[in-house]
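Analysis of the macromolecular model
The lines below spell out each chain.
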Amino acid sequence: MKDINWNDYSLETQAIRAGHQRTHEDEHSIPIFATSSYVFKSAEEAALRFTGKKPGNIYSRFTNPTVNAFQERLALMEKGERCLAFSSGMAAIMAVGMGLLKAGDHVVCSRGVFGNTVLMFQNYFGKFGVETDFVDLIDAAAWEAAIKPNTRFLFLETPSNPLIEIADISVLADIAHKHNCLLIVDNCFCTPVLQKPLELGADIVVHSATKYIDGQGRCVGGAVVASDEIIEKHIYPYLRTGGATMSPFNAWVFLSGLETLAVRMKAHCDSAFELARWLEQQSGIAKVHYPGLPSHAQHELAKRQQSHFGGVVSFELSGGKEHAWKLIDATALLSITANLGDVKTTITHPATTTHGRLAPEARAAAGIKDGLVRISVGLENLEDIKKDILRGL
Ligand SMILES: *Cc1c(COP(=O)(O)O)cnc(C)c1O
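Keep in mind it's a predicted model, so treat the numbers as computed, not measured. (Residues numbered from 1 in each chain as written. Predicted model: local features only at pLDDT ≥ 70, side-chain atom pairs only at ≥ 80, totals over all residues. Heavy atoms only, no water.)

1. Examining the packing of helix α3 (residues 65-78) against helix α10 (residues 248-281)
It is at 8 Å that the axes of α3 and α10 come closest, and there the two elements cross at 30°. Judged by the angle between their axes, α3 and α10 are roughly parallel. In this structure, the crossing between α3 and α10 has a hand that is left-handed. Between α3 and α10, the residues in contact are T66, V67, A69, F70, R73, L74 and M77 and P248, A251, W252, F254, L255, L258, E259 and L261, respectively. Here the residues of the contact of α3 with α10 are counted per class, giving twelve nonpolar, one polar and two charged. (Axes fitted to C-alpha atoms, helices over the stretch in contact; angles between N-to-C directions. Helix = DSSP H or I, 4+ residues; strand = E, 2+ residues; numbered from the N terminus. Parallel < 35°, antiparallel > 145°, perpendicular 65-115°, else oblique. Left-handed = near helix turned anticlockwise from the far one by under 90°. Contact = heavy atoms within 4.5 Å. Nonpolar A, V, L, I, M, F, W, Y, C, P; charged D, E, K, R; others polar.)

Written out as structure tokens, the structure is:
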């Protein structure tokens, strides 16, 4: 292939073409390298590769050409120097903690993060002497006040789930760096198509590729994107030893997911925006949470920080849990599932599913009311989606 500097190309082009090292077979599509190990030409070459003095594959726990292609492509799209793929989004978050933290360290995390992320910090890193404090995502002063001399990093998701609140990444990056901490952003909801946290000052991006990157609900996977130094020093050694590796087949599915990510994200966002405006007009709905609406508290920030407003809408029914459940149960087309980022529209009741394990007071503090319904807007015809919601309104 001709020598191309992919940094000169736009995200849409990188997403389709970057990362493929064409083999002697001249294949047009990236092959799946279903091999666990690789052979060396001599004992000396084996020794050189093992010590890292000569580049090349050794074993698929830590390098595989199909997985490498996915990593290279996502790194370019996120404007990061390097990406490592993992077996799931949680494995990626685990890797960041295992790579960066030691007993006695402290983490500040936003309160609204993915439930298993909370459990990871509280129960697992906590078990090994890492303390985590949770703060309000949009309260920059609270973030700064929570930082201690032993704080290693700040961790957040923006937009949050399920209330779609938005944090100012640049402001939090400045706060983190002022106190010698790293800023880690879970960019699962936006993907690099809508928001590039590393360009805004974040140090590490983590992904659940399971959501929009796959986009069709097939595979579970994750990724960490950061500087060469962070990956080489802290994340790669953990992947090589810890072994939460992405399979070549899954990497191949995610590679084709990336190829259509930009068009899918725009379509998800367009439909979600129109649905949010339409929901605001319906009776029985007390509030619609969507950053594209001028009624959203961080509407201006969302306009600045994101290229589009996202594919997830949530709304509160005035009739509380009873009406929320009635609306969900009356749907015929939508999938009742907590998953998101799929071409299929999904509908869920956060208070009794994703956030059901929280104590009622904690749920109230997080603003997750019993009447709240969350929709991850898919790519079906929007009129059909509206019709389905109307059945139970
Ligand atoms: C789903 C999700 C995760 C976890 O990813 P898995 O691939 O399911 O392990 C992490 N963060 C966010 C924001 C998610 O939505």
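2. Focus on the side chain of S160
Tracing the backbone through its elements, the reader meets S160 in the loop between β4 (151-157) and α7 (169-178). Apart from the residues lying within four places of it in its own chain, the contact partners of S160 are L137, E165 and F189.

3. Re the site of the ligand
Taken together, S88, G89, M90, F114, E157, D186, C188, S208, T210, K211, V220 and G221 make up the full set of residues near the ligand. Within the side chain of S208, one N or O atom sits 2.9 Å away from an oxygen atom of the ligand. Contact distances for the ligand include 2.6 Å between an oxygen atom and a side-chain N or O atom of K211. Its free accessible area being 380 Å², the ligand has 91% of it covered by the protein chains. Broken down by class, the residue content of the shell around the ligand amounts to four nonpolar, five polar and three charged. (Near = heavy atom within 4 Å. Polar contact = N/O pair within 3.5 Å; in protein donor to acceptor, adjacent residues only side chain to side chain. Areas by Shrake-Rupley, 256 points an atom, 1.4 Å probe, with all protein chains shown as cover.)

4. A closer look at empty space enclosed by the protein
Scanning the entire structure with this criterion turns up two cavities of 30 Å³ or more. Space inside the largest cavity adds up to approximately 50 Å³. S60, R61, F62, T63, N64, V67, Q71, A85, L239, T245 and M246 together form the lining of the largest cavity. Each residue belonging to the lining of the largest cavity can be placed in one class, and the counts come to five nonpolar, five polar and one charged. Roughly 40 Å³ of volume is contained in the second largest cavity. (1 Å grid on protein atoms, 1.4 Å probe; cavity = no way out; pocket = protein on both sides within 12 Å on 5 of 7 lines; lining within 4 Å. Points joined across faces, edges and corners; volume = space filled by probe spheres on them.)

5. Re the sheet that holds strand β11 (residues 346-348)
The sheet built from five strands is open, its strands ordered β8-β9-β12-β11-β10 with mixed pairing. The sheet terminates laterally at β8 (285-289) and β10 (335-336), the two strands that pair on one side only. When strand β9 (residues 312-317) meets strand β12 (residues 372-376), the two strands line up antiparallel, connected through five bridges. Each residue of the ladder has a partner; that of V312, found in β12, is S376. Where α10 meets the sheet, its contacts fall on β8, β9 and β12, and the angle it forms with β9 comes to roughly 15°. Sitting on the sheet, helix α12 (residues 320-330) is in contact with β9, β10, β11 and β12, with an inclination near 130° to β9. (Pairing = 2+ DSSP bridges.)

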